[in-house]
Amino acid sequence: MVDKSEESLKIAKERYNSMPASKTIHKIEYSREMPKREIYDIAIIATTSGPRAALTRELLSKSKVKYLILEKLLFTKKSDYAAICKLLKEKKVKTWVNCPMRMMPFYQGFKKEFGGQNIIYILHGNQSGLATDLIHHLDYIAYLTGSKEFSLDTHLLDKKTKGSKRKGYLEITGTLLAEFKNGSFGLFRCDNKGSSPKTIEIINQEKRYLFKEGEGEAQVPYQSQLTTTLVESLLTTGMCELPAYEESAEYHLLALEPLLKFLNKISKKKYDHYPFT
């Protein structure tokens, strides 16, 4: 467990110690610096987007890693997407990105309902902002429909950004439209005030599903539960249900480039990176 913040390590240790004892004996080391070890079976880099590329390089320069999981949004610089891809291939590291809707049993169930079809997908009431969660839903639409190319329409976004809950990053509100190559559409709406619950609606010519995660009936697992499933799958099969790095990197750039263009259009400050996480 590595974090430069002593407070974060303290919280992590307290949370681990509060868990019921396991029959399996675990040994955890807490460190503020990345240790140099010959090989790791699995590494998870769950920082914000800014330092992630540098940390990936540092990790792979010090150790051999069999399986790597990267949190989204991946990186803030466009050049890092191709550079890290090249590094992962050189080091022969199997890598996935944590867009976990496609590995949740509840959301997997809709693959049978809508697999390969044209759909309309509507997300509304997401109070965390559009930038932080957008890639989750674009990835999920691609998973459902099999259509991996899309374009974004940003003209209905609010002309003013707001600060992210994570320091140093921005958030975007308003309405964002996505058109997929197979004819599917995504409509993502985040209000800049209020607290309307998050709803997801999936529609085709025959069916319409509407659900609210906040009501608890969808049985969406916590990230801690998903990580357990993920790690067990990697250790036993060498595979997992998350999107592979190259696929997810393409989705990231298809989304982030239009958002960056929109941001530079409405902002006095001109950005040469993606200030989102």
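Cut-offs used in this document
- Residues numbered from 1 in each chain as written.
- Predicted model: local features only at pLDDT ≥ 70, side-chain atom pairs only at ≥ 80, totals over all residues.
- Heavy atoms only, no water.
- Helix = DSSP H or I, 4+ residues; strand = E, 2+ residues; numbered from the N terminus.
- Rg over C-alpha atoms; globule rule 2.2 N^0.38 Å.
- Buried < 20%, exposed > 50% of the residue type's maximum accessible area, 1.4 Å probe, protein only.
- Polar contact = N/O pair within 3.5 Å; in protein donor to acceptor, adjacent residues only side chain to side chain.
- Contact = heavy atoms within 4.5 Å.
- Pairing = 2+ DSSP bridges.
- Axes fitted to C-alpha atoms, helices over the stretch in contact; angles between N-to-C directions.
- Phe/Tyr/Trp six-rings, centres within 6.5 Å; stacked < 30°, edge-to-face > 60°.
- Lys NZ or Arg CZ within 6 Å of the ring centre and 35° of its normal.

Peer 1: I'd like a description of the overall build of the protein chain, backed by residues and values.
Peer 2: If you tally the helices and strands in the protein chain, you get 8 helices and 11 strands. Against the compact-globule benchmark of 19 Å for 277 residues, the protein chain has a radius of gyration of 19 Å, which places it among compact chains. When its C-alpha atoms are laid out on the principal axes, the protein chain stretches across 50 × 45 × 40 Å. The buried share of the protein chain, taken over its 277 residues, is 44%.

Peer 1: Provide a residue-level description of the side chain of Ser63, including the pertinent values.
Peer 2: For Ser63, the position within the fold is in the loop between helix H2 (52-62) and strand S2 (64-70). Owing to a relative accessible area of 7%, Ser63 belongs among the buried residues under this scheme. From its side chain, Ser63 meets the backbone oxygen of Arg37 in a polar contact 2.5 Å long. The contact partners of Ser63, leaving out residues within four places of it in the chain, are Pro35, Lys36, Arg37, Glu38 and Tyr40.

Peer 1: I'd like to hear about the sheet that holds strand S3 (residues 94-97), residue by residue, with values.
Peer 2: If you walk across this open sheet you meet the 3 strands as S1-S2-S3, and the pairing is parallel. Edge positions in the sheet fall to strand S1 (39-45) and S3, since each has one partner strand and no second. Adjacent strand axes in the sheet meet at a mean angle of 15° when their direction is disregarded. Bridge count between S1 and S2: 6 bridges; the pairing is parallel.

Peer 1: Outline the packing of aromatic side chains, supporting the account with residue identities and numerical values.
Peer 2: By the definition in use, this model includes 18 aromatic pairs. Plain terms: the ring middles of Tyr81 and Tyr274 are 6.4 Å apart, the flat faces sit at 70° to each other, and that makes the pair edge-to-face. Of this pair, Tyr81 sits in helix H3 (residues 78-91) while Tyr274 sits in the segment after helix H8 (245-266), placing them 193 residues apart in sequence. Taken as a pair, Tyr81 and Tyr274 share a single burial class, namely buried. Measuring from ring centre to ring centre gives 5.4 Å for Phe106 and Phe110, while their planes differ by 80°; the resulting arrangement is edge-to-face. Judged by its relative accessible area of 7%, Phe110 is buried. The structure contains a cluster of three or more aromatic residues connected by ring pairs, namely Phe106, Tyr107, Phe110, Phe114, Tyr121, Tyr140, Tyr143, Phe188, Tyr209 and Phe211. Here Lys111 stacks its cationic end above the ring of Tyr143, 4.6 Å away from the centre of that ring.

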